[in-house]
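Chain by chain, the residues:
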Amino acid sequence: MDDALKKKLIEAMTGAIVSHTDELTALDQAIGDGDHGLNMKRGFEAVLADMGPISAKPLPDALQAIGTTLVMKVGGASGPLYGTLFMALGKELPPEPTVTDLARALAAAIEAVKARGKSDLGQKTMLDVLAPLQVALAHGGTDLTKRLPEVVKDAAEATVPLRAIRGRASFLGERSVGHMDPGARSSALLATAICNTIGA
Amino acid sequence: MPASKNVGIVIVSHSAKVAEGAADMVRQMVGDNVPLAAAGGNAEGGLGTDVAAIMAAIDKAWSEAGVAILVDLGGAETNSEMAVEMMPEERRERIVICNAPIVEGAVMAATEASGGSPLAVVQATAEELMSA
């Protein structure tokens, strides 16, 4: 993957988070502590600030660097969770990945995020977007960059009726029902930004 | 007894004031008998937790007997786990995150540590609060 595409991906991911910071904050205020938008913005702006050196690295190392930056800068639970996701992808992906590589690497990264968050599917978390995304990737087929944004959008919306049992939202119990999970939303935003950039 | 023989205590809160306040209470109980450090707030001084600050606190409170970490809410625990994993391998097995209320847990753990108890006992004493 050339440096220009890596830069575009970093810009697109950062742009998606920055332009939805208020929405992520509002979602998190409903069921968490309201810091998800600003935390993710801080993390990705730090990635963007380091975009030159990061994008000069081979893809696996670039992903590791993004993960480390998120761990160090985000400041909330989403830092280690997204950091783990990117670091695991970096560990699993070759420098020039195919769709098959992406599906396999994302499966491994999902396991790493599960371990980090001590959580599983159906618990109203980012995993509820990442898992359907992985299934669709593993299925493959044509027009993935067009279809995957729909998959993650639907998956994020499907977290609305779920009850949170992990994270701050779990304090709310039944009251967490009826709100979209902010981590699911941010995962969908990032996946969509990646698809739109690669498909452009 | 030199402080470094006793288990160290690290307090990790989303709030710098909570972390420092809990550390003050611990110091009042045990003086300088226990290596102690607090990490509170995110890197910008707002509410949150900071992996780099947690790692620095573990270093500051490091003892050959190990370190017990007390945390407040979700992100403090996740970021503390991350910090532990980023420590040198030979130290990792001697760092525990206690499942205990942060203020009471820190005071109980430090009191136990000041008597020279090993890490597992310090952790158990703090965690007893959850079943009391």
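Scroll up for the structure.
First things first, this report covers the structure right here in the doc. (Residues numbered from 1 in each chain as written. Chains lettered and ligands numbered in written order. Predicted model: local features only at pLDDT ≥ 70, side-chain atom pairs only at ≥ 80, totals over all residues. Heavy atoms only, no water.)

1. Brief notes about the overall build of chain B
Then, in step 1: Each helix and strand counted, chain B has six helices and four strands in total.
Then, in step 2: In summary, chain B has a C-alpha radius of gyration of 13 Å against a globular reference of 14 Å for 132 residues, a match within 12%.
Then, in step 3: When its C-alpha atoms are laid out on the principal axes, chain B stretches across 35 × 30 × 30 Å.
Then, in step 4: Residue burial in chain B is summarised as follows: out of 132 residues, 51% are buried.
Then, in step 5: Within chain B, contacts between residues at least 6 apart in sequence are counted, and of these 77% link residues at least 24 apart.
Then, in step 6: For chain B, the accessible area works out to roughly 5800 Å², and carbon and sulfur atoms hold 52% of it.
Then, in step 7: Looking at charge distribution, chain B has the averaged site of its 7 positive side-chain charges lying 8 Å from that of its 18 negative ones. (Helix = DSSP H or I, 4+ residues; strand = E, 2+ residues; numbered from the N terminus. Rg over C-alpha atoms; globule rule 2.2 N^0.38 Å. Buried < 20%, exposed > 50% of the residue type's maximum accessible area, 1.4 Å probe, protein only. Contact = heavy atoms within 4.5 Å. Areas by Shrake-Rupley, 256 points an atom, 1.4 Å probe, with all protein chains shown as cover. Lys, Arg positive; Asp, Glu negative; His and termini not counted. Charge placed at Lys NZ, Arg CZ, Asp CG, Glu CD.)

2. Description of the overall build of chain A
Then, in step 1: The helix and strand inventory of chain A stands at 10 helices and zero strands.
Then, in step 2: Listing each helix as α and each strand as β along chain A from the N terminus yields α-α-α-α-α-α-α-α-α-α.
Then, in step 3: For the C-alpha atoms alone, the extent of chain A along its principal axes is close to 45 × 35 × 30 Å.
Then, in step 4: Counting only residues that meet the buried cut, chain A has 52% of its 200 residues in that class.
Then, in step 5: Entry remark: accessible area of chain A is about 8500 Å², with carbon and sulfur atoms responsible for 58%.
Then, in step 6: Considering chain A, the positive charge centre built from 21 side chains and the negative charge centre built from 23 side chains are found 4 Å apart.

3. Notes on the packing of helix α8 (residues 127–139) of chain A against helix α10 (residues 182–199) of chain A
All names here are of chain A.
Then, in step 1: The N-to-C vectors of α8 and α10 enclose an angle of 35°; their axes lie 7 Å apart at closest approach. Between α8, through Val 129, Leu 130 and Leu 133, and α10, the contact on the second element is made entirely by Ala 184, Ser 187, Ala 188 and Ala 191.
Then, in step 2: Among the residues forming the contact of α8 with α10, the class breakdown is six nonpolar, one polar and no charged. (Axes fitted to C-alpha atoms, helices over the stretch in contact; angles between N-to-C directions. Nonpolar A, V, L, I, M, F, W, Y, C, P; charged D, E, K, R; others polar.)

4. A few points about the environment of B:Glu64
Then, in step 1: Looking at where B:Glu64 falls in the secondary structure, it is placed in the loop between α2 (51–60) and β3 (67–71).
Then, in step 2: Of note is the side chain of B:Glu64, whose polar atom sits 3.3 Å from the side chain of B:Trp62. (Polar contact = N/O pair within 3.5 Å; in protein donor to acceptor, adjacent residues only side chain to side chain.)

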